[in-house]
Amino acid sequence: RVAIERLYLNALMRAPNNCVCWLQADGQLVALSHDLQMLTLFDFGCAEESMEAASSAEAGGLLVASNGAAAMGVIDLRDSQPIELCSIKLDVPPFTVHAAVPHTPNHLSTLISWRHEDSIQNAIVTINLEQPGDPLITRVGEPSATSYALAATDPDEPSAIFVAVATDSSSEAPGKGMDGEAVYRLGVEFHVWRFHDGQLQLVGEVSKQSAGPFCKDGSRSVGLSVDVDLMVFELRGGRLEHADTYAALSYIRDSKERQKYSGFSDGVAFVAESDRYVFVYKRPAAEDEYSPQQVIELGDDEAFVGAQITPSNLFLLRESSIVVISLHKP
């Protein structure tokens, strides 16, 4: 455990090299690596006490982080010493960073969203790292009821960015089941956009009926609840393709009355209840019939306020500490 003072709720963020970051109450962005060494990366200076959520995205060794208000910073982590490349304040409401993609040597595009009345508006912010003072903001589609958004590049077209934004296609009015009972239809639709030279083009639509959002893994993958399973879809260029399946995990998560956080990464998934218990599930090997699972009980009742999973570690943020669980240990 690492003792921390005054943590923001839900501010645990995934960073490059599979370490995690969080924002302290004084506005400092701090990284925690696997060997539990702390390194202060960036001081926003404008972080507010009222901040409810912060976010970050990694792009080719660059960390883009929002302070939960209307500012973002770009930090270069490719050298031994982090370098602040720029700090930008946007003329939009407080926003969340979903993804960051470098598409030319000097240009970085970041996918963000903010609340617009009862919906979520997504947008692409294009930053010239040599002249960051006037970023281009391009709105993506109409406001929707979900903030699930992905971004990726295509090796065949490296100067373009592809963005997938989810919308809820669940039925508002119930239908009738076989026995006359009320049945609500779940569904998720993804609109895939191509962004190039400041122009946005709709290039595809993907509909997943009887599916609901589960969680994301980074900026390229999303997990959907399909029947009782968790199915993982990855944005590959302009296509959203099925990449993995965690059998029965959606059913398992929904059966936990106190579940608060869940996630997956490279064959490992977890469900964390509100304070004491964490359930870890590993995808079975090809020759195995059952999935290995582990129940971890923590010794006190300090509430979880954030969680992130990497291929090797599970990080749990509590009100005054971080718990790191190695996923390689039996």
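These figures come from a predicted structure and were not determined experimentally. Going along each chain's sequence as written, the residues are numbered from 1 onward. Reporting in this predicted model follows two pLDDT cut-offs: at least 70 for local features of residues, and 80 or more for side-chain atom pairs to be given and counted; totals over whole chains, interfaces and linings ignore these cut-offs and use all residues. Hydrogens and waters are ignored; side-chain quantities use all the structure's heavy atoms.

Q: Is there a simple way to think about the sheet that holds strand β10 (residues 95-104) in this case?
A: The strand order across the open sheet formed by 4 strands is β10-β11-β12-β13, and the pairing between neighbours is antiparallel. The sheet is open, and its two edges are formed by β10 and β13 (136-144), each paired on a single side. Taking the axes of each pair of neighbouring strands and ignoring which way they run, one obtains an average angle of 20 degrees across the sheet. Two strands qualify as a pair provided DSSP detects at least 2 bridges between them. Only runs of H or I of at least four residues qualify as helices and only runs of E of at least two qualify as strands under DSSP, and these elements are numbered from the N terminus. Of the pairings in the sheet, the one linking β10 to strand β11 (residues 107-116) comprises 8 bridges and is antiparallel in character. Angles run from 0 to 180 degrees between N-to-C directions of axes, and those axes are lines fitted to C-alpha atoms, restricted for helices to the stretch in contact.

Q: Quick question: what am I supposed to make of unusual backbone geometry here?
A: Phi at aspartate 227 takes a positive value of approximately 60 degrees, unusual for a residue other than glycine. For aspartate 227, the location among the structural elements is in the loop between β21 (221-226) and β22 (229-236). Throughout this description, buried means an accessible area under 20% of the type-specific maximum (1.4 Å probe, protein chains only), exposed means over 50%, and partly exposed covers the range between. With relative accessibility at 68%, the residue aspartate 227 sits in the exposed group. In the Ramachandran plot, alanine 248 falls in the positive-phi region, its phi being about 65 degrees despite a non-glycine side chain. By the secondary structure assignment, alanine 248 is in the loop between β23 (239-246) and α1 (249-254). Judged by relative accessible area, alanine 248 falls into the partly exposed class, the value being 29%.

Q: Explain the confidence of the model for the protein chain here, please?
A: As a note on interpretation, predicted positions should not be read in detail where pLDDT is low. pLDDT: the predictor's confidence for each residue, scored from 0 to 100. Mean pLDDT over the protein chain stands at 76; residues scoring 70 or higher make up 73%. Taking the mean pLDDT of every element in the protein chain, the minimum, 44, falls on strand β17 (residues 182-183) and the maximum, 90, on strand β12 (residues 119-128). By the convention used here, residues are in contact when the closest approach between their heavy atoms is within 4.5 Å. For the stretch residues 1-10, pLDDT sits under 50, and the model shows 42 contacts to residues farther than four places along the chain or on other chains.

Q: Would you mind showing me how to read the pairing of strand β30 (residues 321-326) here?
A: Side-chain direction in a regular strand flips from residue to residue, so the side chains alternate between the two faces of the sheet. In terms of strand pairing, strand β29 (residues 313-318) meets β30 through 5 bridges, oriented antiparallel. Paired with leucine 314 across the two strands is isoleucine 325, which belongs to β30. In sequence, β29 turns back onto β30 through a hairpin of 2 residues.

Q: Please clarify how the environment of alanine 152 should be interpreted in this entry.
A: Tracing the chain through its elements places alanine 152 in strand β14 (residues 149-154). Judged by relative accessible area, which is 1%, alanine 152 ranks as buried. Ignoring any residue separated from it by four or fewer positions in sequence, one finds alanine 152 in contact with Val101, Ile161, Phe162, Arg220 and Leu235.

Q: Can you walk me through the sheet that holds strand β25 (residues 268-273) in this structure?
A: Two orientations exist for strands paired in a sheet by backbone hydrogen bonds: parallel and antiparallel. With antiparallel pairing, the 4 strands of this open sheet are ordered in space as β24-β25-β26-β27. Only two strands of the sheet have a single neighbouring strand rather than two, namely β24 (259-265) and β27 (293-297). The sheet shows a mean angle of 15 degrees between the axes of neighbouring strands, direction not considered. With 5 bridges joining them, β25 and strand β26 (residues 277-282) adopt antiparallel strand pairing.

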